[in-house]
Amino acid sequence: MAVTGVIRFLVTLIAVVAAALVGWWLWNFYTLSPWTRDARVVVNVVDLAPDVSGLVTEIPVIDNQQVRKGDVLFVIDKDRFNLALQQARARVAQAQAQARLASDDANRDAQVLAQDSSAVSAVTVETSRTRAEAATAALQLAQSELGTAQLNLERSTVRAPVNGFVTNLTATVGDYADVGTPVLAVVDSDSFYVAAYFMETKLPEIRIGAPAEVRLMAGGRVLKGKVQGLSRAIASPTAAGGLLASVNPNFEWIRLAQRIPVRITLEDVPAEVELAAGMSATVVIRPPEASP
Amino acid sequence: MTPSLSFFHTVELVGFYLPPLLIWALVALVPFLLLRAILDRSGLYRFVWHRSLFNLALYVLLLGGAVFLGNAQWL
């Protein structure tokens, strides 16, 4: 009977010890493995503002339309810029005529002085030469103003700077567009990436360049990715605006692991997968492939 | 142990997104109930000191096994 008692005790003890070890491994695996449910698709958005002010006369795109780099997005009233261009051309013609007259005068005075030094004073020669130089400078000024007028006319047609999609188009024909005030946004469709927020406890397992798997909440598609890098700073909750640190005098019994953003580039996204910034995803990072 | 996306799959149940471990806890329940019935029928619980403690340990072991197999590369 005593033998059975020992066996009974041993069987239970071995099972409990083994379970404790397995439970420990399980907990570590679950909490330290580099996986997160807190990931989202992010994209670069170009806030497109015109370089010149004016009335919007034409918007040849519609909301959510796909555009290629260089496509016309909106046009600002060209009449004013055409008039400015004509004005600048006239100014150039005027300055050319004046420069020609002034340089002819200067040459004539110089020749007269060379033939007969008593016929014209040195001051007059000097004055006409300086006037000719000033007229040449005025011509250059008028030419650069012509260039500016041409540039303004060109910039009144706003083109897409990237391949992508027009998004949240609220501007309409007839709006007044101001210099530097965004009129519409273009989503750069070549710039989709995933920002995965990992608990700091999982970071030691993450290597830059390691392959990553991204499962979108939408459709459960699995995309391949690569760890491009991890953020080296997050905002401190106790950071003060001034020069002095404001430290809360608290001792935390419970400490929450901070989340660090890890940037994951997507590789060969299938054509049928429609990505949108803000989509949720689950991310698992694998150890880096051993280089052969 | 390499984590696998098939293991860390977020299960959706009528709008609730459940933690991945929950599904594996359910998976481990099946062999646990089977084993418990077998041990009960064959009378092997004679060799167990504290039955509840042993059952808990058995379940944790089976859960560990399920997670281990679930992360195997062939899945």
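Summarised in this report is the structure supplied together with it.

Rules used throughout
- Residues numbered from 1 in each chain as written.
- Chains lettered and ligands numbered in written order.
- Predicted model: local features only at pLDDT ≥ 70, side-chain atom pairs only at ≥ 80, totals over all residues.
- Heavy atoms only, no water.
- Pairing = 2+ DSSP bridges.
- Helix = DSSP H or I, 4+ residues; strand = E, 2+ residues; numbered from the N terminus.
- Salt bridge = Lys/Arg side-chain N within 4 Å of Asp/Glu carboxyl O.
- Buried < 20%, exposed > 50% of the residue type's maximum accessible area, 1.4 Å probe, protein only.
- Polar contact = N/O pair within 3.5 Å; in protein donor to acceptor, adjacent residues only side chain to side chain.
- Phe/Tyr/Trp six-rings, centres within 6.5 Å; stacked < 30°, edge-to-face > 60°.
- Contact = heavy atoms within 4.5 Å.

Quick look at the sheet that holds strand E8 (residues 176-177) of chain A now. Residues and elements named next belong to chain A. With antiparallel pairing, four strands are arranged side by side in an open sheet as E6-E5-E3-E8. Only two strands of the sheet have a single neighbouring strand rather than two, namely strand E6 (157-159) and E8. Two strands pair when backbone bridges link them, and strand E5 (residues 72-76) and E6 are joined in this way by three bridges, in the antiparallel orientation. The partner of Val72 across the bridge, within E6, is Arg159.

Once that is clear, we can look at the sheet that holds strand E4 (residues 66-67) of chain A. Residues and elements named next belong to chain A. The strand order across the open sheet formed by four strands is E2-E9-E7-E4, and the pairing between neighbours is antiparallel. Strands with a single pairing partner mark the edges of an open sheet, and in this sheet they are strand E2 (45-48) and E4. Examined bridge by bridge, E4 and strand E7 (residues 164-167) share two bridges and lie antiparallel to one another. Directly across from Val67, in E7, lies its bridge partner Gly164.

A word on the pattern of salt bridges. Residues and elements named next belong to chain A. Overall, the coordinates contain eight salt bridges over all chains when judged by the stated rule. The residue Asp51 makes a salt bridge to Arg155 at a minimum N-O spacing of 2.6 Å. You can see Asp51 sitting in the loop between E2 and strand E3 (54-58) and its partner Arg155 sitting in helix H3 (residues 122-155), a full 104 residues away along the chain. For Asp51, a relative accessible area of 41% gives the class partly exposed. Between Glu213 and Arg286 there is a salt bridge; the shortest N-O distance is 3.4 Å. Of this pair, Glu213 sits in strand E11 (residues 211-216) while Arg286 sits in the segment after strand E14 (280-285), and the two are 73 residues apart along the sequence. When its relative accessible area of 12% is taken as the criterion, Glu213 is described as buried. When salt bridges that share partners are traced, they join Glu126, Arg129 and Glu133 into one network.

Let us now look at the side chain of A:Ser33. Residues and elements named next belong to chain A. Turning to its location among the elements, Ser33 is positioned in the loop between helix H1 (2-32) and strand E1 (35-42). For Ser33, a relative accessible area of 6% corresponds to the buried category. Polar side-chain contacts of Ser33 include one of 2.6 Å to the backbone oxygen of Phe29.

The next thing to look at is the packing of aromatic side chains. Here the structure, examined in full by the defined rule, presents five aromatic pairs over all chains. Here A:Trp25 and B:Phe68 contribute two aromatic rings whose centre-to-centre distance is 6.1 Å and whose plane-to-plane angle is 55°, an arrangement assigned as tilted. Here B:Phe68 lies in helix H2 (residues 51-70) and A:Trp25 lies in helix H1, a pairing that spans two chains. Of the residues examined, A:Trp25 reaches a relative accessible area of 28% and is grouped as partly exposed. Ring centres of B:Phe32 and B:Tyr59 lie 5.5 Å apart, and the angle between their planes is 75°; this geometry places the pair in the edge-to-face category. Of this pair, B:Phe32 sits in helix H1 (residues 20-42) while B:Tyr59 is found in helix H2, placing the two residues 27 residues apart along the sequence.

Counting through the fold element by element, B:Leu63 comes out in helix H2. Placed 34 residues apart in sequence, B:Leu63 and B:Leu29 show a C-alpha to C-alpha distance of 8.1 Å. When near neighbours in sequence (up to four residues on either side) are disregarded, B:Leu63 contacts A:Leu26, B:Trp24, B:Ala25 and B:Ala28.

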